[in-house]
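Architecture and fold: a report
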2 protein chains.
Amino acid sequence: MEVVFMNKIITISRQYGSGGRGIGKQLAKELGIPCYDYEIIERVAQESGFAKEFIEQNGEYASSAVWIGNSFVANGSPYGGMNVHDSLWVAQRAVIIKLAEEGPCVFVGRCADYILRDKQDVISAFIYADMDSRLDRLKTKYGQSAEATQRNLKDKDKRRAAYYRFYTDDEWGDVKNYDVCLNSGRIGDEACVQILKEIYNDHVSK
Amino acid sequence: MEVVFMNKIITISRQYGSGGRGIGKQLAKELGIPCYDYEIIERVAQESGFAKEFIEQNGEYASSAVWIGNSFVANGSPYGGMNVHDSLWVAQRAVIIKLAEEGPCVFVGRCADYILRDKQDVISAFIYADMDSRLDRLKTKYGQSAEATQRNLKDKDKRRAAYYRFYTDDEWGDVKNYDVCLNSGRIGDEACVQILKEIYNDHVSK
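Residues numbered from 1 in each chain as written. Chains lettered and ligands numbered in written order. Predicted model: local features only at pLDDT ≥ 70, side-chain atom pairs only at ≥ 80, totals over all residues. Heavy atoms only, no water.

A look at the pairing of strand S1 (residues 9-14) of chain B
All names here are of chain B. The buried fraction of S1 is high, at six of six residues. Residue alternation in S1 divides its side chains into two sets, Ile9, Thr11 and Ser13 and Ile10, Ile12 and Arg14, and both sets are buried. The sheet contact formed by S1 and strand S3 (residues 105-108) spans four bridges and is parallel. Residue pairing in the sheet places Ile9 in a bridge with Cys105 of S3. As paired elements, S1 and strand S4 (residues 122-128) share six bridges and run parallel to each other. Residue pairing for S4: Ile10 is matched across the bridge by Ile123. (Buried < 20%, exposed > 50% of the residue type's maximum accessible area, 1.4 Å probe, protein only. Helix = DSSP H or I, 4+ residues; strand = E, 2+ residues; numbered from the N terminus. Pairing = 2+ DSSP bridges.)

Examining the pattern of salt bridges
Considering all chains together, one arrives at 32 salt bridges over all chains under this definition. In this structure, the salt-bridge partner of Lys25 of chain A is Glu39 of chain A, at a minimum N-O distance of 3.5 Å. Here Lys25 of chain A is found in helix H1 (residues 20-31), whereas its partner Glu39 of chain A is found in helix H2 (residues 38-48), with 14 residues between them in sequence. Note on Lys25 of chain A: relative accessible area 33%, which makes it partly exposed. One salt bridge in this structure joins Asp174 of chain B and Lys176 of chain B, with 3.7 Å as the shortest N-O distance. We classify Lys176 of chain B as exposed; its relative accessible area is 52%. Via salt bridges that share partners, Arg43, Glu47, Lys98 and Glu102 of chain A belong to a single interconnected network. (Salt bridge = Lys/Arg side-chain N within 4 Å of Asp/Glu carboxyl O.)

A short note on the confidence of the model for chain A
Regions with low pLDDT carry predicted coordinates that are not meant to be interpreted in detail. Residues and elements named next belong to chain A. Put simply, chain A has an average pLDDT of 84, and 86% of its residues get 70 or more. The weakest mean pLDDT in chain A belongs to helix H4 (residues 64-70) at 51; the strongest belongs to H1 at 97. Under the prediction, the complex receives an ipTM of 0.85, its pTM being 0.86. (pLDDT = per-residue confidence, 0-100.)

Describing unusual backbone geometry
Notably, Asp169 of chain A is not glycine yet its phi reads approximately 60°, a positive angle. Note that Asp169 of chain A resides in the loop between helix H8 (146-168) and strand S5 (180-183).

A few points about H2 of chain A
All names here are of chain A. Among all positions of H2, only Ile40, Ile41, Val44 and Ala45 are buried. Looking straight down H2, one finds that the buried residues subtend no more than 135° of arc, so they occupy a single side. At its buried positions, H2 is contacted by strand S2 (35-36), helix H3 (52-58), helix H5 (84-102) and strand S3 (105-108). (Arc of directions from axis to C-beta. Contact = heavy atoms within 4.5 Å.)

A closer look at the pairing of strand S5 (residues 180-183) of chain B
All names here are of chain B. Judged by which residues are buried, S5 turns out to be covered on both faces: Val180 and Leu182 on one side and Cys181 and Asn183 on the other are all buried. The pairing of S4 with S5 spans four bridges and is classified as parallel. Paired with Tyr128 across the two strands is Asn183, which belongs to S5.

Quick notes on the nonpolar core
Grouped together as the largest cluster of nonpolar side chains are 68 residues, with contacts concentrated most on Phe107, Leu116 and Cys181 of chain A together with Phe107, Leu116 and Cys181 of chain B. Counting 44 residues, the second-largest nonpolar core is a separate cluster that includes Ile23 and Cys192 of chain A together with Ala28 and Val108 of chain B. (Core = buried A, V, L, I, M, F, W, Y, C linked by side-chain atoms within 4.5 Å.)

Quick look at the relation of the copies chain B and chain A
Mapping chain B onto chain A calls for a screw motion: a turn of 180° about the axis and a shift of 0.0 Å along it, with 0.0 Å RMSD after fitting. Put plainly, the chains are arranged around a two-fold axis. Residues of chain B ranked by C-alpha distance from the rotation axis are headed by Cys181 of chain B, positioned 2.4 Å from it. Here 100% of the interface residues in chain B have copies in chain A that are interface residues too; the copies meet face to matching face. (Least-squares fit on C-alpha atoms with pLDDT ≥ 70 in both.)

Examining the environment of Ala191 of chain A
Mapping Ala191 of chain A onto the fold places it in helix H10 (residues 189-203). A C-alpha to C-alpha distance of 25 Å links Ala191 of chain A and Gln120 of chain A, two positions 71 residues apart in sequence.

Some words on the packing of aromatic side chains
Residues and elements named next belong to chain A. Under the defined criterion, the tally for this structure stands at 18 aromatic pairs over all chains. Aromatic pair Phe126 and Tyr178: ring centres 5.1 Å apart, planes at 35°, arrangement tilted. With Phe126 in strand S4 (residues 122-128) and Tyr178 in the loop between H8 and S5, this residue pair connects regions lying 52 residues apart in the sequence. The burial state of Phe126 is the same as that of Tyr178; both residues are buried. (Phe/Tyr/Trp six-rings, centres within 6.5 Å; stacked < 30°, edge-to-face > 60°.)

This is the structure we're talking about:
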């Protein structure tokens, strides 16, 4: 299905602990457009009936144990042969396309780059950082021990990559899927915001 | 060996046909600093005695047939157990480090990002583009047929990646090796130059 609409949109994929969410929020604020992150969860909950907690835990993270279990579910749901995770993907995808049609905006995570890839006026960004600067950020933010933080970070990375691979058949964090990739640990959050703002304002108008 | 010096340097790795070389040249011009690309070949030729043509063909491209042959060469050279490609790597590496010590500059290709990686004041960029826009650029530049261009492009990509992998034990084009990755086909050469210029002038001063 080809997705065609006219609003200028930025999608931000981000490594856990890279500050991508904050960069997205600040970017949207400076551009005067909405940033959709947790808001997607609310909309999906409203429109699909899934519990917010379930969406939060399964809307961009693979959970192999649950996944394998669900792949044996019989075709009794309104979605036919899909399991509950596939149904969440379908509901989330519909909400992202709907929000994109409503007006210019920033999306954080949830494979929005893939879902909106056929739309020319989408700028897709990947925010990443080296392990040390991600650990520093998470320790400061959540006050976890270094060991717990590192375990948490690696787990989140793996599950996000697996989720992306499963539903897009492509590699999360591979440059070819993005227009711009920025190392926030090296060039700083504020510089990332400014660079994305310039690209949004000046450079892409296709 | 740790490499420590004070000059601010930008290294540009680039996919063949992405316009990375032109972006590097323009960036250096606007910053008023030298851009080293073919100049590295001249310096390596002067300092090592290798023929320019040999350096050009083997200084950033793997050539598996030659490589396998050379790995059986006995230890008779001044470089001990190294084959001729390893000797070229050593000579090229020495020239890159020497040029980096001479003053602020831009390096295009030749694993300069890896060779200078321990230096805090290096900004490493990767310039890439989708296949269609690379083919368009090459057809316009070299007037080759579409088929020849595509074959040439894939061959160059593969040999650059193999060379990088062999000498750095890392992956060419993997975001983690770069501070910024820009899709020139999507955001345009001029925007790439301006973004790198800003990063150089404002954002990195470590």
